[in-house]
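An overview of the molecular structure
Here is how the chains run, residue by residue.
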Amino acid sequence: MIGMRLEEIPRINYCFLPTPLEKLNTVSKMYNCTILIKRDDLTGHCFGGNKERKLEFILADAVKNNATVIVTVGALQSNHCRMTTSIATSLGFKVELILISDGDEELEREGNYFLDVLMGAKIHIVTPNKVQNKIAELMDHLRKNGEKPYFIEGGGHNVLGTIGYIYAIEEIKRQTAEIGLTPDCILLPTGTGTTQAGLILGSRLLHYDVEIIGISVARKTERCVTEIATTIRNTGEYLGVDTAHYDSYIRVYDEYIGQAYGIPTGASMETLQLMAHKEGLILDPIYNAKAAAGMFNLISKGELSGNVIYWNTGGLPALFTEKYYSWPM
């Protein structure tokens, strides 16, 4: 049990939990340490992913507020938008997505975008400079037409989303205890920082002595740390928890981003192949291939050792876009 304040927060028990914790036998031998993978790509619905844990709390709040339409925003291949559409649709909500395209991007119905269309979301394509205006315009339009819209920040980047990963720490703590393993660190891909914030907060609240390490896929370390610290502070205030010293637990590497978010690196594609060839596991190319490549590099340099858990946050549909499946292997 985590605490009464958390237990009082509405939740839709939607995910298939606990997600598996598996040892990567071959790569553990290759890198001379024990590497396990937490399979949040298997949360259960529409290709799964870390957003599903967040949406259990966010969409419960939408139900509580009698919403009729869910509005959210993300990139054209947004995992968050896919998962929001999947779960919200199953709960009886209408869904309107604001998808961001730079105008030069081919609007091929593939990957996550194809799934959004298939599941019946109403889609609005906008350029980055028009996102905020479009959100305000759409919310106003829906209200005027008798709807009760509920807006979700991109990536589920809010307090309720963070709480999903406080509970995830309770889950991993139980799983590692059952197999008699004491992890030295947990690594994960870091985008908006919500997942990492939840894991750090959970590890402190539950006295789980493990280092949480983010491998940034988009932003410089300074910005990641700022976002994670802000999210921890906001969530702590919501829960009535003192998080004054939690900033010291934030660790993020930005050396593995490469050219930009969404663009593979040589190391990330090699890692994608390595995991497929040696473990039969398929990683997504945007988040987990880059972050796992960073993990292997840190192990090779001697900066990580012992019992290492890699948290697979999902995102597989992006692999099935021409941009990635035609990438040289």
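Structure's up top.
Treat the numbers as computed from the prediction; the structure is a model and nothing was measured.

1. A few points about the overall build of the chain
Counting its regular elements, the chain contains twelve helices and ten strands. Along the three orthogonal principal directions, the C-alpha set of the chain runs to about 60 × 50 × 35 Å. Burial statistics for the chain: of 329 residues in total, 56% are counted as buried. For the chain, the share of sequence-separated contacts (at least 6 apart) that also reach a separation of at least 24 residues comes to 79%. Counting every atom, the chain has about 14,300 Å² of accessible surface; 50% of that belongs to carbon and sulfur. Charge separation in the chain, taken as the distance between the mean sites of 31 positive and 38 negative side-chain charges, equals 2 Å.

2. Digging into the nonpolar core
With 57 residues, the main nonpolar core has Leu-59, Ile-70, Tyr-150, Ile-163, Leu-199, Ile-232 and Trp-311 as its most contacted residues. Sort the elements by how many residues they give to this core and helix H7 (residues 159-178) lands first, with nine residues. Not counting residues within four places of it along the chain, the set of residues in contact with Ile-163 comprises Leu-6, Ile-9, Phe-57, Thr-235, Tyr-238 and Leu-239. Counting residues in each nonpolar core, the second largest holds 24 residues, with Leu-281, Leu-283, Val-308 and Tyr-310 among its members.

3. With respect to the packing of aromatic side chains
Evaluated as defined, the whole model comprises five aromatic pairs. When the centroid spacing of 5.9 Å and the interplanar angle of 65° are considered together, the rings of Tyr-165 and Trp-311 count as edge-to-face. Remark: Trp-311 occurs in strand S10 (residues 307-312) and Tyr-165 occurs in helix H7; sequence separation between them is 146 residues. For Arg-5, the ring lying beneath its charged end belongs to Tyr-238, and the centroid distance is 4.7 Å. Between Arg-53 and the ring centre of Tyr-165, over which it is positioned, the NZ or CZ distance is 5.6 Å.

4. Considerations on the sheet that holds strand S6 (residues 149-152)
If you trace the four strands from one edge of the open sheet to the other, you get S5-S4-S3-S6, paired in parallel fashion. Strand pairing shows two members of the sheet lacking a second neighbour, strand S5 (122-126) and S6, which therefore form its edges. Taking each pair of neighbouring strands and ignoring which way they run, the sheet shows an average axis angle of 20°. Against the sheet, helix H3 (residues 51-64) engages strand S3 (69-75) and S6, with an angle of about 155° to S6.

5. Observations concerning helix H5 (residues 111-118)
Among the residues of H5, Gly-111, Asn-112, Tyr-113, Leu-115 and Asp-116 are the ones counted as buried. Tucked inside the fold, the buried residues of H5 contact helix H4 (79-90), strand S4 (94-100) and S5. One or two steps after H5, the chain reaches Gly-120, where phi turns positive at roughly 90°.

6. Things to note about the pattern of salt bridges
Enumeration according to the criterion identifies twelve salt bridges in this entry. Between Glu-22 and Arg-39 there is a salt bridge; the shortest N-O distance is 2.7 Å. Separated by 17 residues along the polypeptide, Glu-22 in strand S1 (residues 21-23) and Arg-39 in strand S2 (residues 34-39) bring together distant segments of the chain. Taking relative accessible area as the criterion, Arg-39 reaches 10% and is therefore assigned buried.

7. Some words on the sheet that holds S10
On the basis of which strands lie adjacent, the open sheet formed by six strands has the order S1-S2-S10-S7-S8-S9 and mixed pairing. The open sheet has two edge strands, S1 and strand S9 (251-253), and neither has a second partner. Strand-to-strand twist in this sheet, taken as the mean axis angle between neighbours without regard to direction, amounts to 25°. Where strand S7 (residues 185-190) meets S10, three bridges bridge the pair, whose relative direction is parallel. Bridged to Leu-187 within S10 is Tyr-310.

8. Section: the side chain of Glu-171
Within the element layout of this structure, Glu-171 appears in helix H7. By relative accessible area, which is 5% here, Glu-171 ends up buried. Separated by 3.1 Å, the side chain of Glu-171 and the backbone nitrogen of Thr-19 make a polar contact. Those residues in contact with Glu-171 that lie beyond four places of it in its chain are Leu-17, Pro-18, Thr-19, Lys-38 and Arg-53.

9. Examining unusual backbone geometry
In this model, Leu-17 is joined to Pro-18 through a cis peptide bond whose omega is 0°. One can find Pro-18 in the loop between helix H1 (4-7) and S1. The phi torsion at Asn-66 lies on the positive side, around 60°, for a residue other than glycine. Along the chain, the position of Asn-66 falls in the loop between H3 and S3. In the Ramachandran plot, His-207 falls in the positive-phi region, its phi being about 55° despite a non-glycine side chain. In this fold, His-207 is placed in the loop between helix H8 (194-205) and strand S8 (211-216).

About the thresholds
- Every chain is numbered on its own, with residues counted from 1 as its sequence reads.
- Predicted model: local features are reported for residues with pLDDT of at least 70 only, side-chain atom pairs are reported and counted for 80 or more only, and whole-chain, interface and lining totals are derived from all residues.
- Excluded from the side-chain calculation are hydrogens and water; included are all heavy atoms of the structure.
- A helix here means a DSSP run of H or I that spans at least four residues, while a strand means a run of E at least two residues long, and both kinds are numbered starting from the N terminus.
- Using a 1.4 Å probe on the protein chains alone, a residue whose accessible area is under 20% of its type maximum counts as buried, one over 50% counts as exposed, and one in between counts as partly exposed.
- Every residue pair with non-hydrogen atoms within 4.5 Å of one another is taken to be in contact.
- Note on areas: Shrake-Rupley, 1.4 Å probe, and residue coverage restricted to the protein chains presented here.
- Under the counting rule used here, the positive set is Lys and Arg, the negative set is Asp and Glu, and His together with the chain ends is not counted.
- Charged side chains are reduced to one point each, which is NZ for Lys, CZ for Arg, CG for Asp and CD for Glu.
- What we call a nonpolar core is a set of buried Ala, Val, Leu, Ile, Met, Phe, Trp, Tyr and Cys residues that are connected through their side-chain atoms within 4.5 Å.
- Pairing of aromatic rings covers Phe, Tyr and Trp, the last counted by its six-membered ring, and requires centre-to-centre distances within 6.5 Å; plane angles under 30 degrees mean stacked, over 60 mean edge-to-face, and any other angle means tilted.
- Only Lys NZ and Arg CZ are tested; either one counts as a charge over a ring when it is within 6 Å of the ring centre and within 35 degrees of the ring normal.
- For two strands to count as paired, DSSP must find a minimum of two bridges between them.
- Structural elements are reduced to axes, namely lines fitted to C-alpha atoms, with helices fitted over the stretch in contact, and the angle between N-to-C directions of any two is expressed from 0 to 180 degrees.
- Here, a salt bridge means any side-chain nitrogen of Lys or Arg that lies within 4 Å of a carboxyl oxygen of Asp or Glu.
- Between N or O atoms, a polar contact is any pair within 3.5 Å; within protein, one atom must be a potential hydrogen donor and the other a potential acceptor, and residues adjacent in sequence are included only when both atoms are from side chains.

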